[in-house]
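# Architecture and fold: a report
Residue-level listing of the chains:
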Amino acid sequence: MMNGLARVWPLGIRVQLMLWYTLVFACLMGLFGVLFYLHFQTTLATSTDTALQLQAQQVAGDITEERATIVLHDATADLPGFDLADQKRHVPPSDVNLGVLVRIVDGQGVLFRSTPAFRTIIVPPQSVSQPLRGIPWQGTTTTVDGQLVRLYSRALTQEGRIFGVVQIATSLTEVQTSLHEVVLSVLLLAPFILLLGALGSFWLAARALQPIGRLTQTALIIKGGDLHQRVPLPKAHDELRHLAVTLNEMIEHVEHAFLRQRRFVADASHELRTPVTVIRSKAKLALLQVFTPEEYTTVFQAIDSEAERLGRLISDLLVLARADEGQVHLEGESVRFDLLVEAVVATVDVIAAQHQVTVEVTVTEPVSVCGDEARLMQVVMNLLENAIGYNEPGGRVFVSVQAKQEQVVLIVRDTGIGIAEAHVPYLFDRFYRVDPARRHSTGGNSGLGLSIVEWIVKAHGGAVSVESQVEAGSTFTVTLPLWRRAEDVPLSQLFEQAERRRYLA
């Protein structure tokens, strides 16, 4: 019902709460009214039956049997219609709501005495036969004109012998009138109570939503660009406080992401500007001056070097941008990681020789991982280039691969100048460089290599860490899930499992 109303007429949350509260309150009032009516009806019926039993007991106490004849005493003998003179005058029946309703039957079920008002009652046969067997009877019957009457019958006994039946009745008109008045009162009061409840619930809803209004105002300020603002925390430790805490955490995360993005854009612009500036200056110099062929060769080699650096930087930026958007597809295949490391080490031997650095590799056992071979080679290559480029002439780089507790561990340790402890937590940030403790390698360094390493390793469900000490070198440790081939499990499924482990971590 509420959904249909909301489609026709969009409702605010306060109005919706008011309507829901009113609906619930109406249901509760209806349930309470029904229960109260039933309880009141039962109470009146019980009270009526108790009164009839007491009256029957009093009347029975004034009736005895003498010489097989029923004898009336005291007040019972004075009841209208019980006097023989009244019977001779043929007193007409009276209204059951006004007259006394008493009837006496002898032991054979024959009428002995009856008040005039009782003569209009339709007496059920069992109301006489059952008490003659010693079992009291009570029930509801009607008069000849359809009025409801409550009837109680009990046996007249003397010395343990039943000699008759006394019947007492009362009209239920007053009971029905009382029940009707109760229903009418409830129906008249219910609209006013529901109206007051609706107004009260609307006021309570407005009061309860005041903290949300304050949250909205603060959110509007934050929307204007002030990410340093935080929504106020309600004093009560309730759902609104939990919402406010969650919003503050989200805003803080957005602020940090915005700052990282702004710093990333600024650093990317700076990094892109440098090779472009060098290329333009060299080109203008070649256009404005006349050089010898050897000098032209030097200029073009410098332009080619900067263009190559620019291309690598753009490629790295594209990789990270696509990775952030989840658009980079990683292959899932079995990779002999020990052979991959040895192949990369053989590739960088030329670079190591140029820097007068020795690279040593140690593989304890064959190990395999499930992943993208090209990306894993990029991880090893970037770590080795980093260790070689920031090492000292005559330095050494130690590479080891081993399996530990269902993990493949790659360790790349150099004897270079090391990193100050304050800079270690930021090494994997994009474009982060430690200056002057660290210096560019030949060919330039964009500051994105370690960021790409961290992304690739995490995408394979692994982790990367670094330990370093100034003038003592650095140690990079990469852990990847160890892969053991199962004949009934396809490689794609194994890679999906690695992805799930990465997200759960």
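Look up: the structure comes first, before these words.
The following refers to the structure shown. Please read these numbers as outputs of a predicted model, since none were measured by experiment.

### Let's talk about the overall build of the chain
- Looking only at helices and strands, the chain features 13 helices and 14 strands.
- Of all 505 residues assigned to the chain, the portion counted as buried reaches 37%.

### Focus: the pairing of strand β11 (residues 396-404)
- In terms of strand pairing, strand β9 (residues 358-363) meets β11 through six bridges, oriented parallel. Bridge pairing in β11 links Thr362 to Ser400.
- Examined bridge by bridge, β11 and strand β12 (residues 407-414) share eight bridges and lie antiparallel to one another. Each bridged residue has a counterpart across the sheet, and for Lys404 the counterpart in β12 is Gln407.

### Remarks on the packing of aromatic side chains
- Counting across every chain of the model gives two aromatic pairs.
- Ring geometry for Phe32 versus Phe36: centroids 6.1 Å apart, planes at 20°, classification stacked. Here the residue Phe32 and the residue Phe36 both occupy positions in helix α2 (residues 13-61), the gap between them amounting to four residues, near one helical turn.
- For Phe32, a relative accessible area of 57% corresponds to the exposed category.
- Given a relative accessible area of 35%, Phe36 falls into the partly exposed group.
- Through a chain of ring-to-ring contacts, the aromatic side chains of Phe32, Phe36 and Phe40 assemble into a single cluster.
- The ring of Phe112 carries Arg113 above its face, with NZ or CZ at 4.3 Å from the centroid.

### Concerning the pattern of salt bridges
- Across all of its chains, the model carries five salt bridges by this definition.
- Two residues, Asp49 and Arg150, come together in a salt bridge whose shortest N-O distance is 2.7 Å. Of the two residues, Asp49 sits in helix α2 while Arg150 sits in strand β6 (residues 148-158), which places them 101 residues apart along the sequence.
- For Arg150, a relative accessible area of 17% puts it in the buried group.
- Here Glu454 ties to Lys458 by a salt bridge, and the two come within 3.5 Å at their closest N and O atoms.

### Remarks on the sheet that holds strand β5 (residues 137-142)
- Spatial strand order, β4-β3-β7-β6-β5: five strands in an open sheet with antiparallel pairing. In the strand order of this sheet, the two ends are held by β4 (111-114) and β5, each with one partner. Averaged over all pairs of adjacent strands, the angle between their axes in this sheet comes to 25°, without regard to strand direction.
- Across three bridges, strand β3 (residues 102-106) lies against β4 in antiparallel orientation. Directly across from Ile104, in β4, lies its bridge partner Arg113.
- Docked against the sheet, α2 engages β3, β5, β6 and β7 (161-171), running at close to 35° with respect to β6.

### As for the sheet that holds β11
- In spatial order, the strands read β9-β11-β12-β14-β13; together these five strands make up an open sheet with mixed pairing. Whereas interior strands pair on both sides, the edge strands pair on one side only; in this sheet they are β9 and β13 (463-469). On average, each strand axis in the sheet is tilted by 15° relative to the strand beside it, whichever way the strands run.
- In this sheet, strand β14 (residues 473-481) lies alongside β13 in antiparallel orientation, the contact comprising seven bridges. By the bridge assignment for β14, Ser465 is matched with Thr477.
- Along the sheet, helix α10 (residues 337-354) contacts β9, β11, β12 and β14; its crossing angle with β9, the most-contacted strand, is approximately 170°.

### Some words on the environment of Gly394
- Locating Gly394 in the fold gives a position in the loop between α11 (373-389) and β11.
- When the C-alpha positions of Gly394 and Thr358 are compared, they lie 7.3 Å apart, and in sequence the two are 36 residues distant.

### Quick notes on the nonpolar core
- In this structure, Phe337, Leu383, Leu384, Val397 and Leu410 are the most contacted members of the largest nonpolar core, which totals 43 residues.
- When residues of this core are traced back to their parent elements, those giving at least two are α10, α11, β11, β12, α12 (449-459), β13 and β14.
- For Phe337, the residues in contact, after removing those within four places along its chain, are Val367, Ser368, Val369, Leu376, Val380, Val401, Val408, Leu410 and Leu480.
- Within the second largest apolar cluster, 16 residues are counted, among which are Val59, Leu72, Phe82 and Leu156.

### Details of α12
- The buried count for α12 comes to eight of 11 residues, which makes it a mostly enclosed element.
- Those residues of α12 not exposed but buried are Leu450, Ser451, Ile452, Val453, Trp455, Ile456, Val457 and Ala459.
- At the exit of α12 stands Gly461, carrying a positive phi of roughly 80°.

### Quick word on unusual backbone geometry
- You will see that Glu159, though not glycine, has its phi angle at about 55°, which is positive.
- Within the element layout of this structure, Glu159 appears in the loop between β6 and β7.
- The class for Glu159 is exposed, based on a relative accessible area of 82%.
- Although it is not a glycine, Glu471 adopts a positive phi angle of roughly 65°.

### Digging into the packing of α2 against helix α6 (residues 173-208)
- Packing of α2 against α6 leaves a shortest axis separation of 9 Å and a crossing angle of 160°. In terms of their interaxial angle, α2 and α6 are classed as roughly antiparallel. Here α2 runs over α6; the crossing is right-handed.
- Of the residues in the contact of α2 with α6, the class split is 22 nonpolar, five polar and one charged.

The rules behind these values
Residues numbered from 1 in each chain as written. Predicted model: local features only at pLDDT ≥ 70, side-chain atom pairs only at ≥ 80, totals over all residues. Heavy atoms only, no water. Helix = DSSP H or I, 4+ residues; strand = E, 2+ residues; numbered from the N terminus. Buried < 20%, exposed > 50% of the residue type's maximum accessible area, 1.4 Å probe, protein only. Pairing = 2+ DSSP bridges. Phe/Tyr/Trp six-rings, centres within 6.5 Å; stacked < 30°, edge-to-face > 60°. Lys NZ or Arg CZ within 6 Å of the ring centre and 35° of its normal. Salt bridge = Lys/Arg side-chain N within 4 Å of Asp/Glu carboxyl O. Axes fitted to C-alpha atoms, helices over the stretch in contact; angles between N-to-C directions. Contact = heavy atoms within 4.5 Å. Core = buried A, V, L, I, M, F, W, Y, C linked by side-chain atoms within 4.5 Å. Parallel < 35°, antiparallel > 145°, perpendicular 65-115°, else oblique. Left-handed = near helix turned anticlockwise from the far one by under 90°. Nonpolar A, V, L, I, M, F, W, Y, C, P; charged D, E, K, R; others polar.

Distances and angles like these do not, on their own, reveal function.
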